[in-house]
Amino acid sequence: KRLTVEGNYFVGAVQVRRWADAAVARNVFVGRGNLVALDGLDGETRKGYGWAGNGYFAGGTREVFRLGGRAMTLADWRAKTGFDADSPLEALPKSTHVFCRANRYEPGRAHVIVYNWAAHPQVAVDLRAILKVGAKYRIVHAQDFFGRAVAAGTFDGQAVNVPLGAVKPVPPVGLADARVRPTGPAFNVFVVLPTR
């Protein structure tokens, strides 16, 4: 079977193991150490791989690829695999990236994912693909879903400012003593909810 990995945004290490046929293109890989680990690949298997047009962003080390357990630089990776001839390796991002994913089953509901590389205190979120003008909404933090909304109102078609500070996470049900760390302000997930 063919593995297709296209147009994704990965933070942290990604491991690909023993696929005979793979298309890995137009992805972004971000991390402070290893970005991609590839196992079970020999010269014959490599013919079934299309691996190009990706962007790599790393902090601290330049040996961000692993092939069969061996750490290597982008130049080594290209030489050994023939992959990523046109793919850059740059420092960690300096801008904030916002992704908004609509819920296909409930109009007006969505997840907002924020990678706050720029350490902004808030971010403007475009909800035009989610809400109609005049729709009432509230936005809650995923780590405190039943807590106070971080933003609420009637949508006027303009971007909604959402604060990116850390919230106190609610422990999972049945695990009251669990030590749950806040993910903000560097990484936040919010849920947009329609209100009546």
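Residues numbered from 1 in each chain as written. Predicted model: local features only at pLDDT ≥ 70, side-chain atom pairs only at ≥ 80, totals over all residues. Heavy atoms only, no water.

J.: Explain the sheet that holds strand E1 (residues 2-6) here, please?
T.: Working definition: the strands of a sheet are paired by backbone hydrogen bonds and lie parallel or antiparallel to each other. With parallel pairing, three strands are arranged side by side in an open sheet as E1-E4-E7. Looking at the sheet topology across the chains shown, the edges are occupied by E1 and strand E7 (49-52). Across this sheet, the average inter-strand angle for adjacent strands is 10°, counted without regard to direction. As paired strands, E1 and strand E4 (residues 21-25) are joined by five bridges and run parallel to one another. By the bridge assignment, Arg2 is partnered in E4 with Asp21. (Pairing = 2+ DSSP bridges. Helix = DSSP H or I, 4+ residues; strand = E, 2+ residues; numbered from the N terminus. Axes fitted to C-alpha atoms, helices over the stretch in contact; angles between N-to-C directions.)

J.: I'm lost on the sheet that holds strand E11 (residues 89-90) in this one. Help?
T.: Strand order across the open sheet formed by four strands is E2-E5-E8-E11, with parallel pairing between neighbours. The open sheet has two edge strands with one neighbour each: strand E2 (9-11) and E11. Inspection of the sheet shows strand E5 (residues 28-31) paired to strand E8 (residues 55-58) by four bridges, in the parallel sense. Paired with Gly31 across the two strands is Ala58, which belongs to E8.

J.: Which parts of the structure should I look at to understand the pattern of salt bridges?
T.: Oppositely charged side chains can form a pair if their charged atoms are brought close together. Evaluated as defined, the whole model comprises five salt bridges. When the shortest N-O distance is used, the salt bridge between Arg17 and Asp39 registers 4.0 Å. Within this pair, whereas Arg17 is found in strand E3 (residues 14-17), its partner Asp39 is found in strand E6 (residues 36-39), the two being separated by 22 residues in sequence. Exposure remark for Arg17: the relative accessible area of 43% places this residue in the partly exposed category. In this structure, Arg109 engages Glu106 in a salt bridge whose closest nitrogen and oxygen atoms are separated by 3.5 Å. (Salt bridge = Lys/Arg side-chain N within 4 Å of Asp/Glu carboxyl O. Buried < 20%, exposed > 50% of the residue type's maximum accessible area, 1.4 Å probe, protein only.)

All quantities given are derived from atomic positions and should not be read as evidence of function.
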